[in-house]
Amino acid sequence: MTTAVTISERAARRIGEILKTEGDGAMLRISVEGGGCSGFQYKFDVERARAEDDLVISRDSAVVLVDPASVPFLAGSEVDFVDDLIGASFRVNNPNATASCGCGTSFSI
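What you are looking at is a predicted structure, and each value in this text was computed from that prediction instead of being measured.

Q: I would appreciate a short explanation of the pattern of salt bridges in the present structure.
A: Side chains carrying opposite charge are able to pair once their charged atoms draw close together. If you walk through the whole model with that rule in mind, you get 8 salt bridges. Taking the shortest distance from any N to any O, the salt bridge between Asp54 and Arg29 comes out at 2.5 Å. In this pair, Asp54 is assigned in the loop between β3 (39-47) and β4 (55-59) and Arg29 in strand β2 (residues 27-35), connecting sequence segments 25 residues apart. The pair Asp54 / Arg29 is uniform in exposure class, with both members buried. With its nearest N and O atoms 3.5 Å apart, the salt bridge here joins Lys43 to Glu33. With Lys43 in strand β3 and Glu33 in strand β2, this pair connects stretches of sequence that are 10 residues apart. Take Glu33: its relative accessible area is 30%, and that puts it in the partly exposed class. One continuous salt-bridge network, built from bridges that share partners, spans Arg29, Glu47 and Asp54.

Q: I keep staring at helix α1 (residues 9-22) and nothing clicks. Help me out?
A: The α-helix winds at 3.6 residues per turn, so residues separated by three or four positions along the chain end up facing the same way. The end-to-end C-alpha separation of α1 is 20 Å, in line with the 20 Å expected for 14 residues at 1.5 Å each. Turning to α1, its buried residues number three or more, namely Ala11, Ala12, Ile15, Gly16 and Leu19. Along the axis of α1, the buried residues cluster in a sector spanning 135 degrees; they form a single face. Those residues of α1 that are exposed and angled more than 90 degrees off the buried face are Lys20 and Thr21. Of the residues trailing α1, Gly23 is marked for its positive phi of about 90 degrees.

What counts as what
- Residues numbered from 1 in each chain as written.
- Predicted model: local features only at pLDDT ≥ 70, side-chain atom pairs only at ≥ 80, totals over all residues.
- Heavy atoms only, no water.
- Salt bridge = Lys/Arg side-chain N within 4 Å of Asp/Glu carboxyl O.
- Helix = DSSP H or I, 4+ residues; strand = E, 2+ residues; numbered from the N terminus.
- Buried < 20%, exposed > 50% of the residue type's maximum accessible area, 1.4 Å probe, protein only.
- Expected span 1.5 Å × (residues − 1).
- Arc of directions from axis to C-beta.

This is the structure:
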């Protein structure tokens, strides 16, 4: 399976920092679920197990998992990390989203 999902340098650095505190074998799972104010929402979890059909994205010390059901929603996306006046967070720059909420955690297609 090929992917166009990428992780920015800033996101990889922050994910690596988080995973380091979680101990050996920790990975970040990004998934898309129904809900949120725009229809779909991103979910971020730390996991130790990966499914055989997970998409695995590695950059530096960051390992990110995406389940097969979420891959089509994230195709072409870049996961970034921003630290601005409203706070620090991961942001998914998703070209598939036709609309998103103000906080950027939910979207519609």
